[in-house]
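Here is what each chain is made of, one letter per residue.
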Amino acid sequence: MSWFKREENEIVNDPERTVRTEGLWVRCPSCNQVIFKADLAANLNVCPKCDYHFRIGARERIESLLEPGYELVDLDLRSTDPLEFTDLKRYKKRLADAQAKTGLNDAIVNAIGSIGEQPVVISAMEYAFIGGSMGSVVGETIARAVDRSLATRHPLIIISASGGARMMEGIASLMQLAKISTGLGRLDDEGIPYISIMTDPTTGGVTASFAMLGDLNIAEPGALIGFAGPRVIEQTIRQKLPEGFQRSEFLLEHGFLDAIVGRKEMKQYLSQALAWATAKSGPPTLSVP
């Protein structure tokens, strides 16, 4: 049955029969496949045709990795505006807009839970919040995750998705690089495992600090990982960069990563890695399905 009818030899829409398709489909930017959003979500937001990894939020990442019953923690911190910064709009306005958009106070979510039977502490960055930029709240939240890992001796996992340091907070943002790196040094001294997961994108001061300091550094396929972006580098050196430069596959080939793991295999891989890291009984035998 159709949803239109004839009136006086004209075809008009029947208001009682409407079909709403807006927002139900998404086009893969890699292969141009049109995908039903529900199917994409069921596939952990990975294109079923070309394996392109769509960006997802911090809470979705945590839910995909931790067993049911996990707890979100350290959600009460809020950024201030120490420099009263204004560019195209006031920083306070940017914060308010990002908080309304994401439902988060800042670009980070901490959680405690378990992967399989292994208790873990997780920090996951939220790229939708001002590009996942690292300000004082992000630094303090990750530092609290490090302290919690030290107190419980549970492994720490940080999932990076960031454009780098948050320029609106100036030196207060840059200080977080040293603050977090120092805490990770304490984890290393105590022999507590730290796994770094890099997603698209992981750039700037985040790459220059904690993202590359893991006992195990892994990335999702196709993730952009680097300090300066490729366009900035090309404009600086006035040369065309190699194909795939700064993508996770390029970094693995050149020794900057330990592994590339697809989103659907990530939980299993982490379970294997944590079992080995906590057992300390020989070299790892990790496999990516």
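Please refer to the structure placed before this passage.
No experiment lies behind these values; they were computed from the predicted model shown.

Conventions and cut-offs
Residues numbered from 1 in each chain as written. Predicted model: local features only at pLDDT ≥ 70, side-chain atom pairs only at ≥ 80, totals over all residues. Heavy atoms only, no water. Buried < 20%, exposed > 50% of the residue type's maximum accessible area, 1.4 Å probe, protein only. Helix = DSSP H or I, 4+ residues; strand = E, 2+ residues; numbered from the N terminus. Pairing = 2+ DSSP bridges. Salt bridge = Lys/Arg side-chain N within 4 Å of Asp/Glu carboxyl O. Contact = heavy atoms within 4.5 Å. Phe/Tyr/Trp six-rings, centres within 6.5 Å; stacked < 30°, edge-to-face > 60°. Core = buried A, V, L, I, M, F, W, Y, C linked by side-chain atoms within 4.5 Å.

Participant: Looking at this structure, how should I read the pairing of strand β10 (residues 216-219)?
Facilitator: With burial as the criterion, each face of β10 is covered, one bearing L216 and I218 and the other bearing N217 and A219. One ladder, built from four bridges, connects strand β9 (residues 194-202) with β10; its direction is parallel. Bridge pairing in β10 places I195 opposite L216. Summarising the sheet, β10 and strand β11 (residues 259-260) pair through two bridges and their orientation is parallel. The partner of I218 across the bridge, within β11, is A259.

Participant: Honestly, the pattern of salt bridges in this entry has me stumped. Any pointers?
Facilitator: Where charged atoms from two side chains of opposite charge approach closely, those side chains can pair. Under the definition given, this model contains 17 salt bridges. The salt bridge partner of D87 is R94, with a shortest N-O separation of 3.0 Å. You can call D87 partly exposed: its relative accessible area is 32%. By relative accessible area, R94 is classed as partly exposed at 23%.

Participant: Got a minute to help me understand the side chain of S196 in this structure?
Facilitator: Looking at the element boundaries, S196 is found in strand β9. Judged by its relative accessible area of 0%, S196 is buried. Apart from residues lying up to four places away in sequence, S196 is in contact with I158, F210, A211, G214, L216, N217 and I218.

Participant: Would you explain the packing of aromatic side chains in this entry?
Facilitator: Geometry of an aromatic ring pair is reported as the spacing of the ring centres plus the angle between the planes. Per the stated rule, a full pass over the model turns up three aromatic pairs. Centre to centre, the rings of Y52 and F54 are 5.1 Å apart; their planes meet at 85°, and the pair counts as edge-to-face. Between F245 and F250, the aromatic rings sit 5.3 Å apart at their centres with planes inclined by 65°, giving edge-to-face as the arrangement. On the accessibility criterion, F245 (23% relative accessible area) is partly exposed.

Participant: Whenever I open this one, the nonpolar core confuses me. Can you help?
Facilitator: Grouped burial of nonpolar side chains is what soluble globular proteins tend to show. Counting 34 residues, the largest nonpolar core has L156, L184, L187 and F210 as the members making the most contacts within it. Residue assignment for this core shows that the elements contributing at least two residues are α3 (91-102), β7 (118-125), α4 (136-152), β8 (156-162), α5 (171-190), β9 and α8 (248-253). Top contributing element to this core by residue count: α4, with five residues. Those residues in contact with L156, other than ones at most four positions away along the chain, are V121, A145, V146, S149, L184, L187, P193, Y194 and I195. Core analysis: the next-biggest nonpolar cluster, separate from the first, contains 24 residues, A124, I159, L216 and I218 among them.

Participant: Explain the sheet that holds β8 to me, please; I cannot follow it from the model alone.
Facilitator: Pairing between sheet strands relies on hydrogen bonds along the backbone, with the strands arranged either parallel or antiparallel. Reading across from one edge, β5-β6-β7-β8-β9-β10-β11 is the order of the seven strands in this open sheet, with mixed pairing throughout. Looking at strand neighbours, the two that pair on one side only are β5 (71-73) and β11, the edges of this open sheet. Direction of pairing for β8 relative to β9: parallel, over a ladder of six bridges. What sits directly across from L156, in β9, is Y194.

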